[in-house]
Amino acid sequence: MGAAGGTDTAGTGGDAIAGEQRRLLNVAYRLLGSVTEAEDAVQDAYARWYALSPGGRAAIRSPGAWLTTVTSRICLDLLGSARSRRERYVGAWLPEPLPGRAGRDLRGGPGRAGAADPADQIVLDESVTTAFLVVLESMTPAERVAFVLHDVFRYPFTEIAGVLGRTPAACKQLAASARRRVGGVRAPVAADGRAEVVRRVKEAWESRDIPALVGLLDPAAVMTADGGGLAGAAPRPVEGGAGIARYMVAVADGAPGLELLELPVSGLPGLVARRAGTVVTVASFGIADGRVTRIWVVRNPAKLRPWVGDGGPAGP
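Residues numbered from 1 in each chain as written. Predicted model: local features only at pLDDT ≥ 70, side-chain atom pairs only at ≥ 80, totals over all residues. Heavy atoms only, no water.

Undergrad: Please clarify how unusual backbone geometry should be interpreted in this entry.
TA: A negative phi angle is the norm for most residues apart from glycine, just as the trans form is the norm for most peptide bonds. One non-glycine residue, Arg-208, adopts positive backbone phi at about 55°. Looking at the element boundaries, Arg-208 is found in the loop between helix 11 (191-206) and helix 12 (210-216). Non-glycine residue Asp-289 carries a positive phi angle of around 55°. Along the polypeptide, Asp-289 turns up in the loop between strand 5 (278-288) and strand 6 (291-298). (Helix = DSSP H or I, 4+ residues; strand = E, 2+ residues; numbered from the N terminus.)

Undergrad: How do you make sense of the side chain of Ser-266 when you look at a structure like this?
TA: Along the chain, Ser-266 turns up in the loop between strand 3 (259-265) and strand 4 (268-275). When its relative accessible area of 1% is taken as the criterion, Ser-266 is described as buried. Discounting residues that sit within four places of it in the chain, Ser-266 has contacts with Glu-96, Pro-97, Leu-98, Leu-124, Asp-125, Val-128, Thr-129 and Thr-130. (Buried < 20%, exposed > 50% of the residue type's maximum accessible area, 1.4 Å probe, protein only. Contact = heavy atoms within 4.5 Å.)

Undergrad: When you look at the sheet that holds strand 2 (residues 238-239) in this model, what are you seeing that I'm missing?
TA: Think of a sheet as strands paired side by side through backbone hydrogen bonds, with each pair either parallel or antiparallel. The 6 strands lie next to each other as 2-1-6-5-4-3, forming an open sheet whose pairing is mixed. Because the sheet does not close on itself, it has two edges, and the strands there are strand 2 and strand 3. Two elements, strand 5 and strand 6, share 7 bridges in a ladder whose sense is antiparallel. Across the sheet, the residue bridging to Ile-287 is Val-292, located in strand 6. Against the sheet, helix 13 (residues 241-253) contacts strand 1 (217-226), strand 2 and strand 6, and its axis sits at roughly 50° relative to strand 1. (Pairing = 2+ DSSP bridges. Axes fitted to C-alpha atoms, helices over the stretch in contact; angles between N-to-C directions.)

Undergrad: Can you walk me through the nonpolar core in this structure?
TA: A general trend in soluble globular proteins is that nonpolar side chains are found buried together. Residues Tyr-29, Leu-67, Val-145, Phe-147, Ile-160 and Leu-164 are the most contacted members of the largest nonpolar core, which totals 49 residues. If you list the elements that add at least two residues to this core, you get helix 2 (21-32), helix 3 (35-51), helix 5 (63-88), helix 7 (130-137), helix 8 (141-152), helix 9 (157-164) and helix 10 (168-182). Counting 28 residues, the second-largest nonpolar core is a separate cluster that includes Ala-225, Ile-244, Met-248 and Ala-283. (Core = buried A, V, L, I, M, F, W, Y, C linked by side-chain atoms within 4.5 Å.)

Written as structure tokens, this is what we have:
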């Protein structure tokens, strides 16, 4: 991915360079877990490209590889400062959930007038599920970059070494360490089985049926909510199936008029809550052996923009 390596697959024309944006956004989102930060990182990389002299750009044999390297380094720097930013964050921090086509249709139009929404360009696969991104958050920045570039995007360690400033062997060790952290997160759960569990949770939640909810939740289940200080959310994780069931029913009782929809969230079946036609909550689920083991709830309006467009959710 270095400036002098690779083959010229992108060319130096403006159209060819612009065509790299989708791939770069996909890399950056998996590295950062934020659509907004990913878009900023990619724009920064393009700004650095166009800041080069014409001769400097002409000397780069693979502009696409150069942009990937620069984008990855920008993301690496952001990840390095993420810990201090997380410490200032109000409550739990969760990655931004991505809507599928049906979720984007809730917006009633494109999220950004005259421009494609960056979230629409991100490919939905197992590497963007909430469970997967939460595990990525537990990695060191170098582990995350090595793992995402190699295991997700299949870049060779010789090129990743240029991003991290380490030897290929060291990058291979970083990816192996990250792989152990991922563990069973990638174990597949049949889509129809997952959707059925989510559907039953929705029905029990709507009917305020605590025993049914308890039966659907693993006894050791954990629910984490992200309000970012901008929307009401449990300040700490709610633990235990019974406690989560009671919490969910209390939320339902205190939110009349809330509409619950079954929609894909980051590529997997999830639940989306609307009030007065506006998305205010997006929930994704970890499921094992027919029971819910984890619930991740995002209520921070800044993280729901892909679901509602530029206007943002209307209140908590």
